[in-house]
Amino acid sequence: MSTDTEAQVTAEDLVMDEEEAARARARRNERIGRWLLPLIVVALTIYAWDRICVVNNIPHYLLPRPGLVAQTLIKDWVLLFNALLITLQTTVLALGVAVLGGVGLAVLFTQSKFIEMSFYPYAVILQVTPIVSIAPLIFIYVDSKTAGLLICAWIVAFFPILSNTTLGLNSADHNLRDLFKIYGATRWQRLRFLQLPSALPYFLGGLRIAGGLALIGSVVAEYVAGTGGVGSGLAFTILEAGYRLNIPRMFAALLLIAGAGVVIFMSLSILSHLLLRKWHESALKREV
Amino acid sequence: MTTQETGAADPSAAQTGSDTVLSLQNVTKVFNGNLMALKGMSLDIRRGDFVSLLGPSGCGKSTALRLIAGLSHATSGRIAWHGGQGAGDLGVVFQEPTLMPWATVAQNVWLPLRLRGKSYNAVKDDIREALSLVGLENFLNAYPRELSGGMKMRVSIARAIATHPRLILMDEPFAALDEITRHKLNDDLLQLRAKTGATIVFVTHSVFESVFLSNRIVVMAARPGRVIRELTVDAAYPRTDDFRTTPEYARYCSQATEALHAAMGEHA
């Protein structure tokens with residue numbers, strides 16, 4: 001039988017044993033490594049790139065050294081930054097319309113099986129047909145270049161939102177569905193209080209993919225739209241620089257596109273974390 | 001008879017007794033035209049009853065519960081509510097706690113009231129009361145993931161009683177819990193029943209649970225699902241943990257076990 005005194009835990013009893021100490025060390029190393037390792041690899045890559053240029057005597061109009069790309073980025077900053085803003089504008093607008101269209105269609109699909117059966121194939125066809133092959137047609141039929149760019153980016157971006165949100169709306173806990181039915185919930189109440197919250201994690205997953213795709217969609221559309229008119233975004237800048245054999249500027253523009261993609265992905269990840277941190281498994285910190 | 005009545009009181013209510021809440025009359029359910037899940041079940045549930053439906057899996061006890069809840073409709077026979085509202089006036093507890101993970105404890109309990117158009121402030125006191133009846137008045141703002149399995153089930157029970165329903169349906173609510181927690185929740189459920197006077201239909205496959213909790217045990221058999229015996233447990237309430245050690249309890253348990261064996265025996 002245990003007694004009261006045995007149940008007491010004193011400060012001396014709380015020792016850090018070997019295993020726990022090792023575990024704490026491993027956690028700390030992992031935390032540092034998560035930031036440090038990618039930085040080291042990037043630094044090494046840039047250094048290797050520079051060395052390859054120097055050792056092989058590669059002319060800067062074929063492969064510029066990283067330093068030259070950085071210089072160009074600073075020198076052409078005004079031009080490049082304005083181009084970036086134009087591309088980003090198309091991307092963000094397209095993403096916004098993709099969210100509205102994707103969620104709207106998903107809600108429509110889950111309200112009626114027959115609507116889903118009828119129109120889902122079209123969504124799939126739009127998704128699997130490469131945007132480069134549709135874009136020229138769009139620019140023939142749509143007068144406004146801005147609208148054309150937007151439509152192209154939208155077509156690429158909306159599908160993951162549609163398909164993920166549809167899945168989410170349909171995956172509400174079936175016991176909760178029964179409960180809503182027993183309590184006489186209306187269609188609207190079921191959507192608002194059960195299906196939309198259930199779909200949120202799925203939607204956010206789709207949104208993260210769609211963010212990257214919206215950028216790709218805008219860039220591809222700019223390529224197809226070509227020189228005329230308003231759109232002088234980053235893709236157009238790359239094309240133009242290519243014609244002039246201004247390779248460093250191509251690299252600088254490319255760097256900005258990649259950077260924009262990373263920033264979009266990170267912002268959406270942070271948004272997702274903020275919305276889910278209170279309750280969803282994906283956002284919870286676990287004890288070991 | 002093929003009518004099913006879940007709406008207003010029917011004229012025959014007077015004959016079945018004024019304190020009858022719900023009666024099942026010769027209720028049969030056939031799934032898909034080839035599987036008889038429930039055959040000719042008749043049962044009167046009186047106000048204040050704690051009725052256990054006890055039987056092996058496939059005996060139609062959950063089907064009976066779904067029919068009462070209005071989640072599915074009887075193939076033949078009728079289900080009649082007496083004296084007032086029908087299936088809308090129910091509380092339900094499933095085997096899983098079935099809480100909304102994105103909502104706090106208080107918001108979960110608010111749900112049935114919210115679906116009736118009640119604002120949170122209007123029913124704040126009901127929510128608090130329901131939660132204090134299950135001993136969770138200090139967890140209003142907790143999220144379900146922060147609670148243990150037993151506590152989640154308590155929230156589920158609080159949600160079921162928040163509307164002061166005329167009948168509470170419980171579908172093996174404690175089956176997934178460990179034995180210590182289950183005993184504690186059984187005790188607490190009886191206390192809650194004493195305080196609220198709730199009428200409860202409780203599905204279980206545990207003989208001990210059914211004897212401890214109920215005043216009536218309906219023993220059911222499978223293939224086809226049907227009632228084979230009804231036992232009355234006359235031991236007085238309140239029953240505390242001590243009831244589990246009385247000879248009376250042992251006797252009821254052996255009666256129920258025997259009935260259950262008879263139910264299993266035919267197809268064992």
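Residues numbered from 1 in each chain as written. Chains lettered and ligands numbered in written order. Predicted model: local features only at pLDDT ≥ 70, side-chain atom pairs only at ≥ 80, totals over all residues.

> When you look at the overall build of chain B in this model, what are you seeing that I'm missing?
Along the backbone of chain B there are 8 helices and 9 strands. A globule of 268 residues ought to have a C-alpha radius of gyration of about 18 Å, and chain B, at 18 Å, matches this closely. Along the longest, intermediate and shortest principal axes, the C-alpha atoms of chain B span 50 × 45 × 35 Å. Put simply, chain B has 268 residues, and 43% of those count as buried. Relative to all contacts within chain B whose residues are 6 or more apart in sequence, the contacts with residues 24 or more apart total 75%. (Helix = DSSP H or I, 4+ residues; strand = E, 2+ residues; numbered from the N terminus. Rg over C-alpha atoms; globule rule 2.2 N^0.38 Å. Buried ≥ 20, exposed ≤ 12 C-beta atoms within 10 Å, placed from the backbone. Contact = placed C-beta atoms within 7 Å.)

> It is not clear to me how the packing of helix H7 (residues 145-170) of chain A against helix H9 (residues 187-225) of chain A should be interpreted in this structure. Could you clarify?
Two quantities define a packed helix pair, namely the angle between the axes and the distance from one axis to the other. Residues and elements named next belong to chain A. Packing of H7 against H9 leaves a shortest axis separation of 7 Å and a crossing angle of 155 degrees. Taken together, the axes of H7 and H9 lie roughly antiparallel to each other. As H7 runs across H9, the sense of the crossing is right-handed. (Axes fitted to C-alpha atoms, helices over the stretch in contact; angles between N-to-C directions. Parallel < 35°, antiparallel > 145°, perpendicular 65-115°, else oblique. Left-handed = near helix turned anticlockwise from the far one by under 90°.)

> Quick question: what am I supposed to make of the sheet that holds strand E2 (residues 35-46) of chain B here?
Working definition: the strands of a sheet are paired by backbone hydrogen bonds and lie parallel or antiparallel to each other. Residues and elements named next belong to chain B. The sheet built from 3 strands is open, its strands ordered E2-E1-E4 with antiparallel pairing. Here the strands that pair on one side only, and so sit at the sheet edges, are E2 and strand E4 (76-81). Going from strand to strand, the sheet's axes swing by 15 degrees on average, the running direction of each strand aside. Bridging between strand E1 (residues 20-31) and E2 involves 8 bridges; their strand directions are antiparallel. Looking at E2, one finds that Leu22 is bridged to Ile45. (Pairing = 2+ DSSP bridges.)

> Would you mind going over the sheet that holds strand E9 (residues 226-232) of chain B with me for this structure?
Residues and elements named next belong to chain B. Strand order in the open sheet made by the 6 strands is E5-E6-E7-E3-E8-E9, with mixed pairing throughout. Sheet topology places strand E5 (90-93) and E9 at the edges, where each strand pairs with a single neighbour. Within the sheet, the average angular offset between the axes of one strand and its neighbour, ignoring direction, is 20 degrees.

> Please explain the interface of chain A and chain B as it appears in this structure.
How large an interface is tends to be reported as the accessible area lost when its parts come together. Counting residues at the interface gives 14 residues for chain A and 16 residues for chain B. If you tally residues by element for the side of chain A that touches chain B, the top one is helix H8 (residues 174-182) of chain A, at 6 residues. Taken together, the residues of the side of chain A that touches chain B break down into 7 nonpolar, 3 polar and 4 charged. (Nonpolar A, V, L, I, M, F, W, Y, C, P; charged D, E, K, R; others polar.)

> Would you mind going over the packing of H9 of chain A against helix H10 (residues 234-243) of chain A with me for this structure?
All names here are of chain A. Close contact between H9 and H10 brings their axes to 8 Å; oriented N to C, the two are set at 45 degrees. Considering the angle they form, H9 stands oblique to H10. The chirality of how H9 crosses H10 is right-handed. Contact residues: H9 offers Val219, Glu222 and Tyr223, while H10 offers Leu234, Ala235, Phe236 and Leu239. Of the residues belonging to the contact of H9 with H10, the class tally is 6 nonpolar, no polar and 1 charged.

> Could you clarify how one ought to interpret the domain arrangement of chain A in this entry?
Assigned domains of chain A: these are domain 1 (1-57) and domain 2 (66-287). Just the C-alpha atoms count here: the centres of domain 1 of chain A and domain 2 of chain A sit 36 Å apart. (Domains from an automatic or database assignment.)

> Mind showing me how you'd approach the UniProt feature "transmembrane region" (unreviewed entry) in chain A here?
Within this numbering scheme, the UniProt entry marks residues 35-58, 78-107, 119-142, 148-172, 193-217, 223-243 and 250-276 of chain A as carrying the feature "transmembrane region" (unreviewed entry). As annotated, residues 119-142 of chain A comprises 88% helix and 0% strand, and the C-alpha atoms at either end are separated by 23 Å. (UniProt positions renumbered as here; feature names shortened; annotations may be inferred.)

> When you look at unusual backbone geometry in this model, what are you seeing that I'm missing?
The phi torsion of most residues other than glycine is negative, and most of the peptide bonds are trans. For the peptide bond that leads from Arg223 of chain B to Pro224 of chain B, omega is -10 degrees, which places it in the cis range. By the secondary structure assignment, Pro224 of chain B is in the loop between strand E8 (216-221) and E9. Residue Pro238 of chain B is reached from Tyr237 of chain B by a cis peptide bond, and omega for that bond is 0 degrees. Residue position: Pro238 of chain B is located in the loop between E9 and helix H8 (247-265). Phi is positive for Asn57 of chain A, close to 55 degrees, though the residue is something other than glycine.

> In this structure, what is going on with helix H2 (residues 18-55) of chain A? I would like to understand it.
An α-helical turn contains 3.6 residues, so a residue and the one three or four places further along point in the same direction. Residues and elements named next belong to chain A. A maximum bend of about 40 degrees is found in H2 at Gly33. In terms of residue burial, H2 counts as a barely covered element, since only 0 of its 38 residues are buried. Two residues or fewer after H2 comes Asn57, characterised by a positive phi angle close to 55 degrees. (Bend = angle between axes of the 7 residues up to and from the residue.)

> What am I meant to see in the confidence of the model for chain B here?
Parts of the prediction with low pLDDT should not have their coordinates interpreted in detail. Residue and element names in this part refer to chain B. Chain-level statistics for chain B give a pLDDT mean of 88 and a share of 90% at 70 or above. Low pLDDT, under 50, characterises residues 1-16; the stretch is placed with 30 contacts to residues that sit more than four places away or in other chains. Scoring of the predicted complex yields 0.85 for pTM and 0.88 for ipTM. (pLDDT = per-residue confidence, 0-100.)

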